[in-house]
Amino acid sequence: MTAKIIDGKTVAARVYTLVRTDIAARASRGLRPPALATVLIGNDPASEIYVRNKRAACQELGIRSLPIELSAATPQAQLLSEIDRLNSDSSVDGILVQLPLPGVLDSAAVIERIRPDKDVDGFHPYNVGRLAQRIPLLRPCTPAGVMVLLESIGEKFHGRQAVIVGASNIVGRPMALELLRAGAVVTITHRFTRDLRADIEKAEILVVAVGKPGLVKGDWIRPGATVIDVGINRMPDGRLVGDVEFEGTKERAAYLTPVPGGVGPMTVAMLMQNTLAAARLHDGPTERS
Ligand code: GUN
């Protein structure tokens, strides 16, 4: 079997079209464009690229972008008061603080300070709790994007064995909640998993989000599986690779995401969709449709 490659750029483009159309419809009803504040602290090169991509996507869709750059030496209290200012600014719909934070800054406290209705990353405990209780409001972007990719290939979820590698707050945990909500039987593996290969061999749907190049070997893949590789790793020669051995996996899987061009574009697309959703939450009751 040779896997079909899932083209994240094409699926993301469809999400962009929906968001763009909705923003135009809002404008024709006299509603302002959604507004997203992106907060970048310090100068981590990878974070700079991710934030640049998010700001460029805003520009492309007609979302108002408020770029905020703070030094790596910013004290926690100053960062929290910046968030308070954005929380109380009624012209701001979404607040994104790029992670990881440098130095001693406490990301859990920062995330909890963001108003849940402006938490377009979906990381606030309120939004994660809503997802856990099957009443999602703003959903974490990467797992939500993976669900859109899976739906794009007609993936079935009820009773299917889904295995997630990695238990991070950003991807692994909310991914488990998404797949559980869709009716899959979910296994989460992590650094203390005793026999990773044995768990992976059972997976009909495999999502890998660890950040270790080549962690998952091609001959571990269950024939016919759908494999979603969330890892993005820069190799010494400059190439970007995922967490899954691509060539070996392609021989066994039915579907496989590439790196780059798989999950990555979906994260930004879902952020744009969340920003639009947040703007809807902020429309007056008479404007809401
Ligand atoms: N760092 C890595 N992924 C993300 C993300 O989706 N959102 C934010 N804010 N930071 C990240």
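Check the entry above for the structure.
Predicted model, so just to flag it, every value in this text is computed and none were measured. (Residues numbered from 1 in each chain as written. Predicted model: local features only at pLDDT ≥ 70, side-chain atom pairs only at ≥ 80, totals over all residues. Heavy atoms only, no water.)

Asks: Give me the side chain of Thr 226: which residues, what numbers.
Replies: With respect to the helices and strands, the residue Thr 226 is situated in strand β8 (residues 226-229). Of the residues examined, Thr 226 reaches a relative accessible area of 3% and is grouped as buried. (Helix = DSSP H or I, 4+ residues; strand = E, 2+ residues; numbered from the N terminus. Buried < 20%, exposed > 50% of the residue type's maximum accessible area, 1.4 Å probe, protein only.)

Asks: Lay out the pairing of strand β2 (residues 35-41) in plain terms, naming residues and giving numbers.
Replies: Judged by how many residues are buried, β2 sits mostly within the fold: 7 of 7 residues are covered. Side chains Ala 35, Ala 37, Val 39 and Ile 41 of β2 all project onto a buried face; the interleaved residues Leu 36, Thr 38 and Leu 40 project onto the opposite face, where all are buried too. As paired elements, β2 and strand β3 (residues 64-70) share 7 bridges and run parallel to each other. Bridge pairing links Leu 36 to Ser 65 in β3. For the crossover from β2 across helix α2 (residues 45-61) to β3, the handedness is right-handed. (Pairing = 2+ DSSP bridges. Right-handed = clockwise from strand over helix to strand, strands pointing away.)

Asks: Just give me the short version of the sheet that holds strand β5 (residues 161-165), but keep the residues and values in it.
Replies: Pairing is parallel in the open sheet, where 6 strands are placed in the order β1-β11-β8-β7-β5-β6. The open sheet has two edge strands with one neighbour each: β1 (4-5) and β6 (185-189). Pairing analysis gives 2 bridges linking β8 to strand β11 (residues 255-256), with the strands arranged parallel. Bridge pairing in β11 places Thr 226 opposite Tyr 255.

Asks: Can you explain the packing of helix α1 (residues 8-28) against helix α6 (residues 141-152)? Please cite residues and give values.
Replies: Running from N to C, α1 and α6 cross one another at 105°; their axes reach a closest spacing of 10 Å. Taken as axis vectors, α1 and α6 run roughly perpendicular relative to one another. Between α1 and α6, the residues in contact are Gly 8, Val 11, Arg 14 and Val 15 and Val 148, Leu 149 and Ser 152, respectively. Of the residues assigned to the contact of α1 with α6, the class counts are 4 nonpolar, 2 polar and 1 charged. (Axes fitted to C-alpha atoms, helices over the stretch in contact; angles between N-to-C directions. Parallel < 35°, antiparallel > 145°, perpendicular 65-115°, else oblique. Contact = heavy atoms within 4.5 Å. Nonpolar A, V, L, I, M, F, W, Y, C, P; charged D, E, K, R; others polar.)

Asks: Outline the pattern of salt bridges, supporting the account with residue identities and numerical values.
Replies: When the charged atoms of two side chains lie near each other, side chains of opposite charge can form a pair. Taken as a whole, this structure holds 17 salt bridges when the rule is applied. For Arg 113, the salt bridge identified is with Asp 84, shortest N-O distance 2.9 Å. Of this pair, Arg 113 sits in helix α4 (residues 107-113) while Asp 84 sits in helix α3 (residues 76-88), placing them 29 residues apart in sequence. Look at Arg 113 and you get partly exposed, because its relative accessible area is 35%. Through salt bridges that share partners, Glu 155, Arg 160, Glu 204 and Arg 222 make up one connected network. (Salt bridge = Lys/Arg side-chain N within 4 Å of Asp/Glu carboxyl O.)

Asks: Before we move on, can you summarise the site of the ligand with the specific residues and values?
Replies: As a matter of local geometry, the ligand sits amid Lys 54, Leu 96, Val 97, Gln 98, Leu 99, Asp 121 and Phe 123. Between the ligand and Val 97 there is a distance of 2.9 Å, counted from a nitrogen atom to a backbone nitrogen or oxygen. Between the ligand and the protein, one listed contact pairs a nitrogen atom with a backbone N or O atom of Leu 99 at 2.9 Å. The fraction of the free accessible surface of the ligand (280 Å²) that becomes covered by protein chains is 84%. For the shell around the ligand, the residue count by class is 4 nonpolar, 1 polar and 2 charged. (Near = heavy atom within 4 Å. Polar contact = N/O pair within 3.5 Å; in protein donor to acceptor, adjacent residues only side chain to side chain. Areas by Shrake-Rupley, 256 points an atom, 1.4 Å probe, with all protein chains shown as cover.)

Asks: Lay out the pairing of strand β7 (residues 205-208) in plain terms, naming residues and giving numbers.
Replies: What you see with β7 is no split at all: Ile 205 and Val 207 on one side and Leu 206 and Val 208 on the other are buried throughout. As paired strands, β5 and β7 are joined by 4 bridges and run parallel to one another. Its bridge partner lying in β7, Val 163 is registered against Leu 206.

Asks: Pulling in residues and values, what's your account of the sheet that holds β2?
Replies: Think of a sheet as strands paired side by side through backbone hydrogen bonds, with each pair either parallel or antiparallel. A sheet is described by the order of its strands in space; here 3 strands give the open sequence β3-β2-β4, paired in parallel fashion. Each edge of the open sheet is held by one strand with a lone partner, namely β3 and β4 (94-97). Each strand axis lies, on average, 15° off the axis of its neighbour in the sheet, ignoring direction. Most of the contacts of α2 go to β2, to which it runs at about 165°, and overall it touches β2, β3 and β4.

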